[in-house]
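Tertiary structure, described
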Amino acid sequence: MSHAYKAVGWNRQKRIYDRILVGGVLGYLGLFVALTLAAKPHATVETALIRAFGTAALLLLHLALAIGPLARLDRRFLPLLYNRRHLGVVTFLLGLAHGGFALVQFHALGDLPPLVSVLVSNTRFASLAHFPFQQLGLAALVILFLMAATSHDFWLANLSAPVWKALHMGVYFAYGLLVAHVALGVLQAETSPLLAGALGLGLVTLTGVHLVAGWRERRGDGECPRTPEADGFVEVCRLGEIPENRARIATLGGERVAVFRWDGKLSAVSNVCRHQNGPLGEGRVIDGCITCPWHGYQYRPETGASPPPFTEKVPTYRVRLVADRVLLHPQALPPETFVEPAVLGTGGPAPATEPGDFYVGYQKTAPAGTAGFVRRLVAALLAGAGALAVLLAMAQQPFADASFEYGTVRTFTGVLEERPYPTLGVRAPGEVPRRSLLVVPGKFGAAELVAGLDGVAVSLQGRRIRRGGVTMVEVVPGSLQRGAASAGEAGAEVSLGRASLDGEIVDSKCWLGVMNPGEGKPHRDCAVRCLSGGAPPALIVRRGQHAGRVVLLTRADGGPLGREILPFVAEPVRVAGELRRRGESLLLRIEGGIERR
């Protein structure tokens with residue numbers, strides 16, 4: 001117990017636990033990222049980190065939620081329960097890192113503040129398939145933040161145990177939000193059954209241990225069936241059923257009561273610890289005090305009050321011993337009410353066998369049986385985490401052969417074209433013109449940069465973005481210079497007739513290589529921001545004659561599309577209009593709108 005709110009004094013066990021926790025987390029992150037980059041050579045570091053932090057947070061959350069019911073089923077899990085707060089805080093920090101990287105990756109450097117972008121980029125709440133999963137993750141992160149921020153006993157004492165407990169029960173709501181976040185997000189893009197199976201197995205396992213622990217608790221909560229005495233006392237057990245310095249738990253009036261046998265006496269108190277509603281009846285009398293097995297809070301058996309200077313107190317009950325029959329009065333007395341203990345006579349029945357090792361977290365060493373179990377358990381958890389890192393990393397879909405030369409600045413020369421989207425065209429004598437779409441840093445197109453320079457020869461510096469035979473240049477601000485003379489005509493458009501194409505609308509900047517993957521529902525919010533900022537919209541054709549091609553989309557008059565395209569991003573669509581070729585590029589002048597498929 002701690003009398004003052006101050007920095008936690010870690011004991012040897014807690015230091016070991018924290019080192020293993022931090023080491024295990026760092027090992028998982030390093031293994032996941034290394035395997036992702038080694039097995040998926042076109043993956044970006046940012047994507048690998050986002051996925052590593054996200055999977056690590058979800059795995060730790062499963063463990064944190066499982067510890068409670070497991071400790072109810074087997075007392076040897078109590079060392080993990082004692083340190084569960086640290087596990088919860090680390091889970092939040094991993095979730096914060098996941099959310100922070102994703103916020104920067106998908107929402108920063110655009111036309112809206114990042115948090116506003118999270119809330120408004122996708123509002124398809126009426127569609128299950130297209131439901132905005134990122135808002136669910138944000139809501140879960142807020143709940144985990146509140147829990148981490150109030151994890152100290154200062155908040156427990158000032159909010160009161162019932163309010164604090166109710167607040168922290170919100171973790172189950174956060175867990176539900178995160179399951180939906182994953183199911184409606186990455187699992188709609190990653191088709192590996194292993195990923196869906198891992199999430200389903202975690203959900204089923206977690207639900208199962210809670211149901212089994214609840215069933216076991218409920219089975220022991222039956223009211224004492226014996227007829228009350230004339231003065232209201234009820235027989236709860238026989239004296240020989242109570243171990244020395246331990247308790248027998250009985251349920252009276254819907255409340256659990258712990259009857260302790262200690263120093264030749266019997267006393268009864270409420271089973272609910274004032275700290276975190278821990279089970280006092282599963283504790284032990286140490287140094288004359290009932291000691292809670294969860295965190296070591298102590299109470300005097302006769303009064304239910306903690307020894308000074310501590311102030312916690314629990315209700316007491318009147319207890320009577322008739323022969324070897326233990327009787328309780330079901331009416332609880334106010335906390336700190338002194339009740340004379342029932343004195344055991346000589347020659348009575350021997351106490352029941354001690355129910356195994358007793359562990360309290362503040363002790364310097366755990367009992368041998370518990371310590372050995374925990375060592376084996378931790379080793380199994382670390383091995384399982386490593387195996388999951390390997391499986392989850394390898395189960396990711398292959399990444400596209402796309403690149404963004406972020407650290408390499410090149411010089412480009414050619415003729416600028418403003419419509420439909422800024423393009424730099426280069427043609428050597430006798431060759432087909434080669435065009436590179438132009439954008440600027442962040443989630444913006446280059447329309448303002450090239451305004452009034454249509455047909456003008458220029459030189460500029462930029463970073464090349466490339467996928468397949470399609471290229472784009474991210475122009476370095478201030479590097480564009482007019483050339484000495486016109487470089488000549490860059491080529492005209494050729495009509496290929498009307499076409500109806502099925503595919504997915506993406507922002508060409510990310511799809512070509514700035515982000516990988518740059519398509520699908522997980523990338524939708526980023527694509528909305530890029531297209532809002534003027535990045536050229538493109539259709540990735542999924543079926544038919546042009547399957548696999550990227551087709552730039554324009555208005556019917558050949559002008560650039562605006563925000564009218566945003567509701568259809570990252571969804572299966574059919575687009576019809578006039579298909580045209582300009583050099584090696586395909587363009588579709590949309591006529592008649594966009595149809596969802």
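The shown structure was predicted, so the numbers you read here are calculated from the model rather than taken from an experiment.

Thresholds, definitions, all that
- Residues numbered from 1 in each chain as written.
- Predicted model: local features only at pLDDT ≥ 70, side-chain atom pairs only at ≥ 80, totals over all residues.
- Heavy atoms only, no water.
- Helix = DSSP H or I, 4+ residues; strand = E, 2+ residues; numbered from the N terminus.
- Rg over C-alpha atoms; globule rule 2.2 N^0.38 Å.
- Buried < 20%, exposed > 50% of the residue type's maximum accessible area, 1.4 Å probe, protein only.
- Expected span 1.5 Å × (residues − 1).
- Pairing = 2+ DSSP bridges.
- pLDDT = per-residue confidence, 0-100.
- Contact = heavy atoms within 4.5 Å.
- Axes fitted to C-alpha atoms, helices over the stretch in contact; angles between N-to-C directions.
- Core = buried A, V, L, I, M, F, W, Y, C linked by side-chain atoms within 4.5 Å.
- Phe/Tyr/Trp six-rings, centres within 6.5 Å; stacked < 30°, edge-to-face > 60°.
- Lys NZ or Arg CZ within 6 Å of the ring centre and 35° of its normal.
- Polar contact = N/O pair within 3.5 Å; in protein donor to acceptor, adjacent residues only side chain to side chain.
- Disulfide = S-S within 2.5 Å.
- Parallel < 35°, antiparallel > 145°, perpendicular 65-115°, else oblique.
- Left-handed = near helix turned anticlockwise from the far one by under 90°.
- Patch = residues over 30% accessible without salt bridge, like charges linked within 9 Å, V, L, I, M, F, W, Y side chains within 5 Å.
- Areas by Shrake-Rupley, 256 points an atom, 1.4 Å probe, with all protein chains shown as cover.
- Salt bridge = Lys/Arg side-chain N within 4 Å of Asp/Glu carboxyl O.

**Here we look at the overall build of the protein**
What the protein contains, in helices and strands, is 15 helices and 24 strands. Over its C-alpha atoms the protein spans a radius of gyration of 33 Å, topping by over 25% the 25 Å that the globule rule assigns to 597 residues. Counting only C-alpha atoms, the protein reaches 115 × 45 × 35 Å along its principal axes. Every one of the 597 residues in the protein was classed for burial, and the buried ones make up 50%.

**Some points on helix α1 (residues 12-39)**
A rise of 1.5 Å per residue sets the reference length of α1, with its 28 residues, at 40 Å; its end C-alpha atoms lie 40 Å apart and thus fit the reference within 8%. Those residues of α1 not exposed but buried are Gln 13, Lys 14, Tyr 17, Asp 18, Leu 21, Val 25, Tyr 28, Leu 29, Phe 32, Val 33 and Thr 36.

**Things to note about the sheet that holds strand β7 (residues 298-299)**
On the basis of which strands lie adjacent, the open sheet formed by 3 strands has the order β5-β6-β7 and antiparallel pairing. What marks the edges here is a single partner per strand, and that holds for β5 (284-286) and β7.

**Focus on the confidence of the model for the protein**
The pLDDT averaged across the protein works out to 89; a share of 93% of its residues lies at or above 70. Within the protein, the lowest mean pLDDT, 78, falls on helix α7 (residues 153-159), and the highest, 97, falls on strand β21 (residues 537-541). The low-confidence segment residues 1-8, where pLDDT is below 50, has 16 contacts with residues more than four positions distant or belonging to other chains.

**Describing the sheet that holds strand β20 (residues 493-507)**
Spatial strand order, β20-β21-β22-β24-β23: 5 strands in a closed barrel with mixed pairing. Between one strand and the next, the sheet's axes are offset by a mean angle of 50°, whatever the strand orientation. Two strands pair when backbone bridges link them, and strand β23 (residues 572-582) and strand β24 (residues 585-596) are joined in this way by 9 bridges, in the antiparallel orientation. Along β24, the bridge assignment pairs Arg 574 with Glu 595.

**Digging into the nonpolar core**
In summary, soluble globular proteins display a tendency toward joint burial of nonpolar side chains. Ranked by size, the top nonpolar core spans 50 residues in total, and within it Leu 29, Leu 94, Phe 260 and Leu 280 carry the most contacts. Sorting the residues of this core by element identifies α1, α2 (45-73), α3 (78-82), α4 (84-107), β3 (255-262) and α12 (368-394) as the ones contributing at least two each. Ranked by the residues each element gives to this core, the list is headed by α2, at 9 residues. Core analysis: the second largest hydrophobic core is formed by 36 residues, Leu 501, Val 575, Leu 588 and Ile 590 among them.

**Considering the packing of aromatic side chains**
Evaluation of the coordinates by the stated rule reveals 7 aromatic pairs. Positioned above the aromatic ring of Phe 373 is the side chain of Arg 76, whose terminal nitrogen or guanidinium carbon lies 4.1 Å from the ring centre. Cation over ring: Arg 320 sits above Phe 233, and NZ or CZ is 3.9 Å from the ring centre.

**Quick word on the pairing of strand β18 (residues 470-475)**
Taking burial as the measure, the 6 residues of β18 include 5 buried ones, the bulk of the element. Where strand β15 (residues 434-440) lies against β18, 4 bridges are found, and the strand directions are parallel. Residue pairing in the sheet places Leu 437 in a bridge with Met 472 of β18. Of the strand pairs in this sheet, strand β17 (residues 457-467) and β18 are connected by 6 bridges, and their pairing is antiparallel. Looking at the pairing, Arg 464 lines up with Val 473 of β18. In this antiparallel pair of consecutive strands, β17 and β18, the connection spans 2 residues, and Gly 468 shows a positive phi of 60°.

**Some points on the side chain of Ser 270**
Looking at the secondary structure, you find Ser 270 in strand β4 (residues 265-270). One polar contact links the side chain of Ser 270 to the main-chain amide nitrogen of Val 272, over a distance of 3.2 Å. In this view, Ser 270 contacts Arg 256, Leu 280, Val 314, Pro 315 and Tyr 317; residues no more than four positions away in its chain are not counted.

**Concerning the environment of Gly 478**
In this structure, Gly 478 sits in the loop between β18 and β19 (481-482). Sequence separation between Gly 478 and Ala 576 is 98 residues, and the spatial gap between their C-alpha atoms is 39 Å.

**Brief notes about the state of the cysteines**
A covalent bond between the sulfur atoms of two cysteines is what we call a disulfide. For the structure on display, the rule yields 0 disulfides. With no disulfide of its own, Cys 289 lies closest to Cys 273 among cysteine sulfurs, the gap being 13 Å. Cysteine Cys 510 remains unbridged, with the sulfur of Cys 526 as its closest cysteine sulfur at 3.7 Å. Residue Cys 510 is classed as buried on the basis of its relative accessible area of 2%.

**Some details on the packing of helix α9 (residues 170-183) against helix α11 (residues 193-219)**
The N-to-C vectors of α9 and α11 enclose an angle of 160°; their axes lie 11 Å apart at closest approach. Classed by the angle they form, the pair α9 and α11 counts as roughly antiparallel. The element α9 and its partner α11 pack so that their crossing is left-handed. Across the interface between the two elements, Tyr 172, Tyr 175, Val 179, Val 182 and Ala 183 of α9 pack against Leu 199, Gly 202, Leu 203, Leu 206 and His 210 of α11.

**Focus on a nonpolar patch on the surface**
A cluster of nonpolar side chains, contributed by Val 142, Phe 145, Leu 146 and Leu 167, occupies part of the molecular surface with about 320 Å² of accessible area. For the nonpolar patch, the element with the most residues is helix α6 (residues 133-149), which contributes 3 residues. With respect to the helices, strands and loops of the structure, Val 142 is situated in helix α6. The exposure class assigned to Val 142 is partly exposed, which follows from its relative accessible area of 43%.

**A closer look at the environment of Tyr 359**
Its place among the elements puts Tyr 359 in the loop between β11 (342-343) and α12. Residue Tyr 359 is classed as buried on the basis of its relative accessible area of 2%. The sequence separation of Tyr 359 and His 295 amounts to 64 residues, and the corresponding C-alpha distance is 9.6 Å.

**Looking at the pattern of salt bridges**
Inspection of every chain in the model, using the stated rule, returns 35 salt bridges. When the shortest N-O distance is used, the salt bridge between Arg 320 and Asp 231 registers 2.5 Å. Taken together, the residues span a long stretch of sequence, with Arg 320 in strand β9 (residues 319-322) and Asp 231 in the loop between α11 and β1 (234-238) at a distance of 89 residues. Relative accessible area serves as the criterion here: at 30%, Arg 320 is assigned to the partly exposed category. Across the pair Glu 493 and Arg 582 runs a salt bridge, and its minimum N-O distance is 2.7 Å. Linking Glu 493 in strand β20 with Arg 582 in strand β23, this pair joins segments that are 89 residues apart in sequence.

**Here's the deal with the pairing of β23**
Note on strand geometry: in a regular strand, side chains alternate between the two faces of the sheet. Across 10 bridges, the pairing between β20 and β23 is antiparallel. Paired with Glu 493 across the bridge in β23 is Arg 582.

**Some points on the side chain of Thr 36**
Secondary-structure assignment places Thr 36 in helix α1. With near-sequence residues (within four places) excluded, Thr 36 lies in contact with Ala 43, Ala 48, Ala 393 and Gln 396.

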